[in-house]
Protein chains: 2
Amino acid sequence: MTKQDTRVLGSHKGYLSGSRPDLRVPVRRVHLTDGRDVTLYDTSGPYTDPEVTTDVRRGLPPLRAPWLAERAARRRSGDGLTQLAYARRGEITEEMEYVALREDRSPEFVRAEIAAGRAVLPANVRHPEAEPMIIGKNFLVKVNANIGNSAVTSSIEEEVEKMRWATRWGADTIMDLSTGKDIHTTREWVLRNSPVPVGTVPLYQALEKVGGRAEELSWEVFRDTVIEQAEQGVDYMTVHAGVLLRYVPLTAGRTTGIVSRGGSIMAAWCLAHHEESFLYTHFEELCTILREYDITFSLGDGLRPGSIADANDEAQFAELRTLGELNRIAKAHDVQTMIEGPGHVPMHKIKENVDLQQEICEEAPFYTLGPLTTDIAPGYDHITSAIGAAMIGWWGTAMLCYVTPKEHLGLPDRDDVKTGVITYRIAAHAADLAKGHPGAQRWDDALSEARFDFRWEDQFNLSLDPDTARAFHDETLPAEPAKTAHFCSMCGPKFCSMRISRDIRERMAEKSAEFAAGGNRVYLPVTD
Amino acid sequence: MTKQDTRVLGSHKGYLSGSRPDLRVPVRRVHLTDGRDVTLYDTSGPYTDPEVTTDVRRGLPPLRAPWLAERAARRRSGDGLTQLAYARRGEITEEMEYVALREDRSPEFVRAEIAAGRAVLPANVRHPEAEPMIIGKNFLVKVNANIGNSAVTSSIEEEVEKMRWATRWGADTIMDLSTGKDIHTTREWVLRNSPVPVGTVPLYQALEKVGGRAEELSWEVFRDTVIEQAEQGVDYMTVHAGVLLRYVPLTAGRTTGIVSRGGSIMAAWCLAHHEESFLYTHFEELCTILREYDITFSLGDGLRPGSIADANDEAQFAELRTLGELNRIAKAHDVQTMIEGPGHVPMHKIKENVDLQQEICEEAPFYTLGPLTTDIAPGYDHITSAIGAAMIGWWGTAMLCYVTPKEHLGLPDRDDVKTGVITYRIAAHAADLAKGHPGAQRWDDALSEARFDFRWEDQFNLSLDPDTARAFHDETLPAEPAKTAHFCSMCGPKFCSMRISRDIRERMAEKSAEFAAGGNRVYLPVTD
């Protein structure tokens, strides 16, 4: 599969070199027909490197193993070993240097952002195969893709392939949300083969263990599940510890109640036991477990709105305040933390979400699902939500959880995963541009220059999805000469504005030469 | 085709009654399984009314003919007959009453908005078949779909069918941008069969008449083309009269030069003749022609940016200032006017576009193409642009010109037209919600209530695209019982948050009853 991949992407795998030979950061290099290279961020892992032979049964090479071993040897008893702990004591880890190269920032900038809690670097010490990446508002906006079988569908191989497919198109992290049988084995395969950090919602597996009866859940069952997944190497975990008993009645008047699976399970538990959730009462104990593996908290918004009608309501913001409190506790334990966000929110209520979250959670990275900006388009919720995702990314969200066209209707297949990832890469990049992220616009400029120069192959190869761009062009003008033609099928040769525009430029150059002798009177730009 | 259409839409055609029997405003009524009706705006024309037999060779019934005849009989020589002229002298036309019913506003509100130039009602007196609609920031955001053959592809029948297809999915206006042969005949067929206003760019046909040589264009050729199209019934015309000679050099340093076809043609003309464009120098004469037919100006932004790099530059805003000047001249002639806008604009530069346009053009309706918020995703530019379209709609743009997945790559086929229209309906509705347009949220609420109640059929029928929503659901759970199941394929029965949430609601009701006796101490909402 590697050969085919590199061909299809119209580019080649490259590496940036760090301070030691085993610190090599993958990039995608697009070779333009004019001889230049454009270097792009690359999430696709060793699968797109023709020099590397991969074997799904053996897993990816454990690139972080030497770094972890060296740090373990140096470590004194009682030292924290999270990236946050290192950052706080001024130490730059190999992972920090790695993401610094990846994001074209200084290692010290990366360290400072992690130390301040404004960024997380999710990297379980038991997941040495993953390539380090960073999530924070002062870095590139990231995209998560959910995979996972349900009771109804999917095989293990399908899930691994979905993971590989999602990262090939640009997913920065994967969440394995499996709820069916073989949940442990599926996760093992995904982890051993994933080039990106993997997140889970341990509650789903815990619920399986008690036969799906929420009221039979307990701290012990949950804790054991967390340890089981921690040992496997899960990099970040969604924990719905903010669903408090007293918030549940706040959802009673809602149009769509509680739509988060984890949130509804915990709300049911709270009501059944009529006491505060074990996730909340045992939160400090949970912190000590996550700290031991350097697992990052993703504090779940179990009461997120599931409809436009419920956006920004009291239930949602009450939970957010509790997440702020838990964020402080986690940080006190040196545990990296991000905060999950909605959901369904109309455009004019989006900014309040980021602003409040940033204030209440001391700028901890925000990780939102969309938000969907209208409820009326099932089948197109990748689009209803990409609108909200781009905006919330611009305003400070660090990672966007993708939504596929199947949202609300069914489980995504291979095509849906690709559509979801590409759509969210668009939203993330639009946000990077709007935030003025250094270098983000270079990509747009390279593509637009190719377009103006009628360099069709360059335009395809620079596209987020070269295959689709090429296929759409070929549908109308399939002949090979059309790929060098100075017009396209839309207007035909006579009406091509790009061609006319180039003629104008040439004519202006001639005229300029003429008028230079005559005093340059006419072509001076007007500044009225 | 009508029978199939009504079935597929899962709804029925209805009419709102006006002050006279021939004033009937079409609506789509979705019948919910609980007995209620949801009434939606309907652009699909008589084609979706099973009571009406249509014949493409005879055209649609001329619904406005009696109104026009009555007004012509009353009219004194020298009276203006544009909607703007009537509005200014305090007269409410049948068309104004029609759109008032359609938008759930008072006729007086409609009249006042038109009189102020904040809204236009494009309705050529020679196009009596079209159903009146209004474009203005205080009304529902509208969507335009471009159709039109090029030298390379398409037949007349295909274009008519594309028009019908686009309006069926929600296009509020159509622009016929044909540039190939049979340009006059194609337009005739489209006009006679279109239930929505039709716009054109007369310059394209004028250029055909001079063999495609821009420098051979003249005022006379252009004027004759405008009159030819005016007689046929074109409702609004894009005129690139703001491309002045002195602005052309401002585009010389751009990344993508001039990307508007009309703009590049006029720039080439200006340079060839080294004088101001005939569109600009004969603008008042043009006003007298458009006034005679009540054709609405769509003042084209010939210098709009074609890339992120060129957004909001001096060329673009210099032209906008000229459009402001032309807007005042058109208004002085009682000619309705809207202003076209970009293009390619990163999110953080979008708002400046609307704010400037509204200021310079005295709140004349803004009509924008997207804007695309990044250049890197050819093949997905319906999405890159829907992000910008939703935002610019929220901030005051009155009509959004759709972009299809084929933008920059080829001509849209039937599927692309549908995808483009649905995507832009999403953007427009998201904007309506964000603007707090009265009633907009009712649609979202109805759908979300259906979702929470597991009324799958209602959910499908309320969708922007019922076919796709139903098909996606059936892919995973095809059996008929699944349509009444209280769970779906995503989580399966055990994990369904909606089901758990309903259980919680019931349990809370029970608990409330219990605690009522005990003093209501626990379930009081917390307001910390």
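Position numbers for residues count from 1 along each chain, tracking the sequence in the order it is written. Here chains are named by letter from A upward and ligands by number from 1 upward, in the order in which they appear as written. Under the rules for a predicted model, residues below a pLDDT of 70 receive no local features and side-chain atom pairs below 80 are neither given nor counted, while totals for whole chains, interfaces and linings still include all residues. Heavy atoms throughout the structure, all of them, feed into the side-chain values; hydrogens and water do not.

1. Quick look at the packing of aromatic side chains
Aromatic ring pairs are described here by two measures, namely the spacing of the ring centres and the angle between the planes.
So, step 1. Between rings of Phe, Tyr and Trp, where Trp is taken as its six-membered ring, a pair exists when centres lie within 6.5 Å; planes separated by under 30 degrees are stacked, by over 60 edge-to-face, and by other angles tilted. One pass over the structure, following the stated rule, counts 20 aromatic pairs over all chains.
So, step 2. With a centroid separation of 6.2 Å and 85° between ring planes, the pair formed by tyrosine 236 of chain A and tyrosine 367 of chain A is classed as edge-to-face. Of this pair, tyrosine 236 of chain A sits in strand 9 (residues 236–239) while tyrosine 367 of chain A is found in strand 12 (residues 366–369), placing the two residues 131 residues apart along the sequence. Note on accessibility: tyrosine 236 of chain A and tyrosine 367 of chain A belong to one class, buried.
So, step 3. Site record: aromatic cluster; members linked through ring pairs are Trp219, Phe222, Trp269 and Phe278 of chain A.
So, step 4. Distance and angle both matter: a charge sits over a ring if NZ of Lys or CZ of Arg is within 6 Å of the ring centre and within 35 degrees of the ring normal. Note that lysine 406 of chain B overlies the ring of phenylalanine 472 of chain A, its terminal NZ or CZ placed 5.0 Å from the centroid. Helix and strand definitions follow DSSP, with helices as H or I runs of at least four residues and strands as E runs of at least two, each counted in order from the N terminus. When accessible area is computed with a 1.4 Å probe and restricted to protein chains, residues below 20% of their type maximum are described as buried, those above 50% as exposed, and intermediate ones as partly exposed.

2. So, helix 6 (residues 156–168) of chain B
All names here are of chain B.
So, step 1. Here helix 6 contains 13 residues, and its C-alpha end-to-end distance of 18 Å stays within 8% of the 18 Å for a straight helix at 1.5 Å per residue.
So, step 2. In terms of burial, helix 6 is largely enclosed, as 10 of its 13 residues are buried.
So, step 3. Three or more residues of helix 6 are buried, namely Ile156, Glu159, Val160, Lys162, Met163, Arg164, Trp165, Ala166, Thr167 and Arg168.
So, step 4. Looking one or two places after helix 6, you find glycine 170, whose phi comes out positive at around 125°. Between the first and last residue of a helix there are one fewer steps than residues, each counted as 1.5 Å, and that sum is the expected span.

3. Some thoughts on the UniProt feature "binding site: Zn(2+)" (unreviewed entry) in chain A
So, step 1. According to UniProt, the positions carrying the feature "binding site: Zn(2+)" (unreviewed entry) are His344 and His408 of chain A. Taken along the chain, the residues just named run across 65 residues; in space they keep tight, none of their C-alpha pairs more than 12.3 Å apart.
So, step 2. Here histidine 344 of chain A is to be found in the loop between strand 11 (337–341) and helix 14 (350–360).
So, step 3. Contacts were defined at the residue level, with two residues in contact if any of their heavy atoms lie within 4.5 Å. In contact with histidine 344 of chain A, not counting residues within four places along its chain, are Pro305, Gly306, Ser307, Ile308, Ala311, Pro371, Leu372, Asp375 and His408 of chain A together with Arg451 of chain B.
So, step 4. In this fold, histidine 408 of chain A is placed in the loop between strand 13 (399–401) and helix 16 (414–434).
So, step 5. In protein, a polar contact means a hydrogen-donor-capable atom and an acceptor-capable atom, both N or O and within 3.5 Å, with residues adjacent in sequence counting only if both atoms are side-chain atoms; elsewhere, any N or O pair within 3.5 Å suffices. Within the local environment of histidine 408 of chain A, its side chain forms a polar contact with the side chain of histidine 344 of chain A, the two groups lying 3.4 Å apart. UniProt positions are given in the numbering used here, feature names are shortened, and annotations may be inferred rather than shown by experiment.

4. A closer look at the environment of leucine 191 of chain B
Residues and elements named next belong to chain B.
So, step 1. Residue placement: leucine 191 occurs in helix 7 (residues 183–193).
So, step 2. Considered as a pair, leucine 191 and valine 234 are 43 residues apart in the sequence and their alpha carbons are 7.3 Å apart.
So, step 3. Excluding its chain neighbours within four sequence positions, the residues that come into contact with leucine 191 are His127, Glu129, Val198, Gln232, Gly233 and Val234.

5. Observations regarding the interface of chain B and chain A
Frequently, the measure chosen for interface size is the accessible area that the parts lose on association.
So, step 1. Counting from both sides, the interface comprises 117 residues of chain B and, opposite them, 117 residues of chain A.
So, step 2. A combined buried area of about 10200 Å² lies between chain B and chain A, and 69% of that area is made up of carbon and sulfur atoms.
So, step 3. By salt bridge we mean one thing: a side-chain nitrogen of Lys or Arg within 4 Å of a carboxyl oxygen of Asp or Glu. The tally of links between chain B and chain A comes to two salt bridges.
So, step 4. In this structure, lysine 406 of chain A engages glutamate 475 of chain B in a salt bridge whose closest nitrogen and oxygen atoms are separated by 2.7 Å.
So, step 5. Applying the counting rule to chain B against chain A returns 16 residue pairs in polar contact (both at pLDDT 80 or more). Defined here as a combined quantity, buried area equals the accessible surface (1.4 Å probe) lost by two parts on assembly, summed across both.

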